[in-house]
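What follows is the residue order along each chain.
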Amino acid sequence: MTGYRIGHPFRFGFALAFLASALLCAMLLPKVAAAAGADSPLTLAADGSSASYQGWDLAATGFMRANSGTHKVTTLADGKQANPGYRYPVSAKGALCAVVSGTAVIVYLPAASAQLSRTSDGATHSGKADQKPSAKALSDFEQTALKATLEGLDGAASSATSLQSLGLPFVFTDAQRFRYHGLTCLFDQQVEAGSYYVVLKGSASDLEQVQFVDSCLLEPAAQVQVAPAPTGPAALGAFLSSVDLRPLWVSLRTSLAALVLIFVLGLLAAKLTLRVRHRLRAVLDSLFTIPMVLPPTVCGFLLLVVFGNSTPFGRWLEVHGIELVFTWPAAVLAATVVGFPLMFRTVRGAFESLDANLFAAARTLGWGEWRIFLRLMLPLAWPSIAAGTVLAFARALGEFGATLFVAGNYAGVTQTIPIALYYDWMGGDSLTAVFWVVVIILISFVVIALINWYASHSQKWMRPALSGSDLLPLKKPAQTLAASPIKKQAPDGH
Amino acid sequence: MSKSMRRSAFGIVLAALLAFSLCFLSACGSSSSSSDNAATPTSTTPGTIQIFAANSLQKALPLVQALYTQQHPDVKFADTQFKGSGDLVSELQGGAKADLLICASESSMDTANTNGSIEANTRKDMFTNDLVIAEKTGAGYKINSLKDVESAKYAKIAIGQGAAVPAGAYANQALNTIGLYSAADGKTGSYSADFASKVVQDSSVGNVAQHVQSGDCQIGFVYTSDIYRYPGIQVAYKVPANTHKAIVYPGAVCTGSVNAQASQDFLNFCLTNAQAQKIWSEYGFAVK
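Residues numbered from 1 in each chain as written. Chains lettered and ligands numbered in written order. Predicted model: local features only at pLDDT ≥ 70, side-chain atom pairs only at ≥ 80, totals over all residues.

Regarding the overall build of chain A
Tallying secondary structure elements over chain A gives 18 helices and 13 strands in all. Residues classed as buried in chain A amount to 37% of the 494 residues present. By sequence separation, contacts in chain A at least 24 residues apart represent 73% of the contacts at least 6 residues apart. (Helix = DSSP H or I, 4+ residues; strand = E, 2+ residues; numbered from the N terminus. Buried ≥ 20, exposed ≤ 12 C-beta atoms within 10 Å, placed from the backbone. Contact = placed C-beta atoms within 7 Å.)

Examining the interface of chain B and chain A
Counting from both sides, the interface comprises 49 residues of chain B and, opposite them, 45 residues of chain A. The greatest single-element share of the side of chain B that touches chain A, amounting to 10 residues, is contributed by helix H1 (residues 3-34) of chain B. Residue composition of the side of chain B that touches chain A, grouped by class: 23 nonpolar, 21 polar and 5 charged. (Nonpolar A, V, L, I, M, F, W, Y, C, P; charged D, E, K, R; others polar.)

Observations concerning the sheet that holds strand E7 (residues 131-136) of chain B
Residue and element names in this part refer to chain B. If you trace the 5 strands from one edge of the open sheet to the other, you get E9-E8-E10-E7-E11, paired in mixed fashion. Both edges of this open sheet fall to strand E9 (199-202) and strand E11 (233-238), since each of them pairs with a single strand only. Shown here is a sheet whose adjacent strand axes are inclined to one another by a mean of 40°, direction ignored. Taken together, the 2 bridges between strand E8 (residues 157-160) and strand E10 (residues 219-223) define a ladder with parallel strand orientation. When the sheet's bridge partners are listed, Ile 157 is paired in E10 with Ile 219. Here helix H7 (residues 205-213) sits on the sheet in contact with E7, E8, E9, E10 and E11, set at roughly 140° to E10. (Pairing = 2+ DSSP bridges. Axes fitted to C-alpha atoms, helices over the stretch in contact; angles between N-to-C directions.)

Overview of helix H4 (residues 106-114) of chain B
Residues and elements named next belong to chain B. Listed in full, the buried residues belonging to H4 are Ser 108, Met 109 and Ala 112. The buried residues of H4 occupy an angular sector of 95° when projected down its axis, which confines them to one face. Buried positions along H4 lie against helix H3 (85-93), strand E5 (100-102), helix H5 (166-177) and strand E12 (248-253). Within two residues after H4, Gly 116 carries a phi angle of roughly 75°, on the positive side. (Arc of directions from axis to C-beta.)

Section: the domain arrangement of chain B
All names here are of chain B. Split into domains, chain B comes out as domain 1 (48-128 + 247-287) and domain 2 (131-243). Placing the centre of domain 1 and that of domain 2 at their C-alpha centroids yields a distance of 25 Å. A total of 3 residues in the side of domain 1 that touches domain 2 trace back to one element, the largest contributor, which is H3. Tallied by class, the residues present in the side of domain 1 that touches domain 2 amount to 6 nonpolar, 9 polar and 3 charged. (Domains from an automatic or database assignment.)

Quick notes on unusual backbone geometry
All names here are of chain A. Positive phi outside glycine occurs at His 181, with the angle close to 50°. You can see His 181 is positioned in the loop between strand E10 (177-180) and strand E11 (183-192). On the neighbour-count criterion, His 181 (17 C-beta atoms within 10 Å) is partly exposed. The backbone of Phe 326 shows a phi angle near 65°, a positive value even though the residue is not glycine. Position of Phe 326 among the secondary structure elements: in the loop between helix H9 (312-319) and helix H10 (328-353). Its 26 C-beta neighbours within 10 Å are what place Phe 326 among the buried residues.

Section: the pairing of strand E8 (residues 105-108) of chain A
Residues and elements named next belong to chain A. By the alternation rule, side chains of E8 split into Val 105 and Val 107 and Ile 106 and Tyr 108, which are all buried. Here 4 bridges tie strand E7 (residues 96-100) to E8, and the two strands are oriented antiparallel to one another. Pairing of Val 99 across the sheet is with Ile 106, part of E8. The turn linking E7 back onto E8 is made up of 4 residues. With 4 bridges connecting them, E8 and strand E9 (residues 170-173) associate as parallel partners. The partner of Val 107 across the bridge, within E9, is Phe 172.

Side note on the nonpolar core
Residues Ala 334 and Val 406 of chain A together with Leu 101 and Ala 167 of chain B are the most contacted members of the largest nonpolar core, which totals 146 residues. Tallying contributions element by element places H10 of chain A first for this core, with 16 residues. Ignoring sequence-local partners within four residues, the contact set of Leu 101 of chain B consists of Phe 52, Leu 88, Leu 92, Ala 112, Ile 118, Gly 251, Ala 252 and Cys 254 of chain B. By size, the runner-up hydrophobic cluster in this structure holds 50 residues, among which are Ala 51, Ala 98, Leu 109 and Leu 163 of chain A. (Core = buried A, V, L, I, M, F, W, Y, C linked by C-beta atoms within 7 Å.)

What to know about the environment of Ser 310 of chain A
For Ser 310 of chain A, the position within the fold is in the loop between helix H8 (296-307) and H9. C-alpha separation for the pair Ser 310 of chain A and Gln 189 of chain A, spaced 121 residues apart in sequence, amounts to 54 Å.

Things to note about the environment of Ser 241 of chain A
All names here are of chain A. Residue position: Ser 241 is located in helix H5 (residues 233-242). Its 7 C-beta neighbours within 10 Å are what place Ser 241 among the exposed residues. Between the alpha carbons of Ser 241 and Phe 141 there is a distance of 40 Å; along the sequence they are 100 residues apart.

Topic: H7 of chain B
Residues and elements named next belong to chain B. Counting buried positions along H7 gives 9 out of 9 residues, so the element sits mostly inside the fold. Among all positions in H7, only Val 205, Gly 206, Asn 207, Val 208, Ala 209, Gln 210, His 211, Val 212 and Gln 213 are buried. Count one or two residues on from H7 and you reach Gly 215, which has phi positive near 85°.

Observations regarding the sheet that holds E9 of chain A
Residues and elements named next belong to chain A. Spatially, E1-E2-E3-E13-E7-E8-E9 is the arrangement adopted by the 7 strands of the open sheet, whose pairing is mixed. Each of the sheet's edge strands pairs with one partner strand only, and the pair in question is strand E1 (42-44) and E9. In this sheet, neighbouring strand axes are inclined to one another by 25° on average, regardless of whether the strands run parallel or antiparallel.

Structure below.
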């Protein structure tokens with residue numbers, strides 16, 4: 001029986017934990033697979049800023065993709081105002097620049113930076129330019145390498161419309177001023193000190209057609225260090241070391257603090273309701289239980305109304321230096337309020353089921369109410385108290401609605417795991433969300449395993465006390481409390 | 001069972017409550033002093049700027065903040081809150097403290113101004129943005145006009161909640177021009193009967209993007225900038241600018257900020273610094 005009790009939750013927990021880990025791996029798999037498809041001659045850096053192409057003596061570095069330009073009026077160094085026109089920032093002076101218009105990709109190869117080999121073959125530009133292109137001829141290999149490099153870097157920079165998916169023809173030029181159909185591009189323009197732009201001129205519809213601008217520097221491949229993204233287990237390691245673990249600590253800190261409050265207040269409330277008159281008891285009972293029934297958002301709303309500064313009471317608190325809303329104590333308060341009823345209900349149920357004759361007998365022996373509470377009620381109801389504590393802890397750990405309402409989402413302060421999970425997923429960071437799912441499942445598994453282990457142990461030593469006659473347990477529980485299970489195990493354990 | 005006993009029990013409960021609330025408060029004090037860069041968010045802390053920013057800035061703004069701290073090591077940032085502009089304005093009214101507010105619409109900032117949450121003379125228009133209909137990458141929906149959103153192809157359409165999410169309000173304004181939404185302001189109306197059952201109302205524009213990305217909704221109304229910050233979505237249709245109010249992001253220093261000057265400096269940095277501008281343009285924000 002005992003073996004089953006311990007074994008079963010463990011097996012179930014392992015299954016859950018395995019499932020969760022499998023989920024995390026499945027999320028990582030596409031990344032790994034993408035990186036593993038390394039048959040292509042292109043090597044992309046993990047940060048997406050540089051890339052090298054096998055066999056090409058040049059490599060791209062300092063890549064950036066500007067998705068939107070600006071028409072801003074600029075104040076120049078001499079105090080003059082200038083509006084050079086619609087412009088996109090580029091990565092640096094003398095950068096290779098690709099203007100993606102509606103019909104072609106206009107690539108500017110600055111003569112100074114590109115040490116491209118000159119071939120006699122002039123088939124460099126496939127579009128129909130209004131102006132004769134003056135770009136040095138590129139060999140087929142160089143064109144392929146350059147296209148692949150740009151497309152690779154662009155694809156890594158944005159999963160939205162990518163250069164590759166557009167499939168536009170490439171037009172190469174090395175002229176700083178280049179006209180392609182209605183669009184005039186002024187490359188390598190310094191508008192403000194130290195920052196370079198490509199300035200575009202043309203009709204509104206011509207400018208509208210421009211989708212984005214890629215830019216990067218071309219340097220000798222030997223000088224560019226391309227650190228590719230880690231693959232396989234290394235990718236998992238890199239991910240794990242990059243996860244912000246603060247939500248875990250906030251969650252543990254918050255639910256443990258709440259647990260202390262819940263434990264003390266829950267026991268006292270359970271005792272209090274036992275001793276009060278019937279009608280008042282019904283009132284107190286529903287008051288203490290209602291947070292369990294109410295949606296957590298309602299609790300949160302009520303707490304916000306009470307403690308927020310939109311009510312006289314909240315303002316009075318604020319004047320007296322107690323600011324609760326959006327602080328860590330508010331997170332503890334929210335967790336306490338929603339976790340409390342679980343402790344209260346469980347403990348009160350246990351207290352009620354105790355034999356009243358025991359207490360009457362204890363009183364005849366001259367025991368005070370507090371002695372009875374501490375030495376008789378608590379030990380007898382201990383398994384239920386432990387169960388209530390664990391339930392309340394689990395509830396506090398999982399608290400979301402009320403916490404979000406009163407404590408908000410401040411990383412490292414009030415951002416607990418459930419809140420981090422929600423915001424990570426909604427922020428597009430599904431991988432971190434899955435990580436937190438795995439963490440919560442593992443914590444829950446450990447907690448459940450602990451209860452079961454503890455229950456099987458505590459029941460072993462409680463059994464004689466519970467199965468005794470009415471008179472016998474009067475002394476026995478007191479003894480068993482004094483001789484805690486640890487003490488009992490001590491002789492044979494050490 | 002005696003009265004005195006009951007009274008003493010009650011007294012102990014009270015005493016315990018009191019003791020714990022004291023522990024509580026002292027714990028709060030110590031936790032805020034021990035936290036490093038994540039300063040206590042309630043009162044604005046000297047030297048630590050707390051920003052409340054529109055959800056659409058979630059990826060770009062932290063990069064600009066990092067750039068700013070690099071150049072100004074004495075300035076720290078608290079954990080920036082990225083939510084729907086309407087939520088941020090409500091939170092400020094509800095007692096949350098911040099130094100800088102950046103909204104995604106003029107009307108949200110107007111509300112903050114009416115509430116007395118911002119210093120009106122510090123208000124500045126920061127960025128412009130465009131409204132687009134997003135689809136999952138590769139979905140290939142052909143949307144040629146706004147009217148096409150009524151098509152049966154789109155069983156679920158994600159739109160930000162008009163009252164709290166500016167992107168939703170702009171979308172509703174556009175939908176109002178083709179009779180699918182009842183109020184021209186995009187906030188106070190309701191969707192037409194057939195259309196309403198398709199609309200999934202989200203609490204931030206990021207949620208809209210995520211619902212489209214995950215495939216739970218076929219299309220959604222987001223900003224162009226969201227296309228660049230969310231993997232897996234693309235533009236299906238650019239909503240004509242004349243169907244909704246101009247999309248402008250105003251920023252302003254909050255009332256009662258102890259970092260008013262530092263916040264103002266950061267605001268100016270965002271608009272004038274060339275490096276910052278690179279980041280904005282990377283994420284699709286045009287600096288105004």
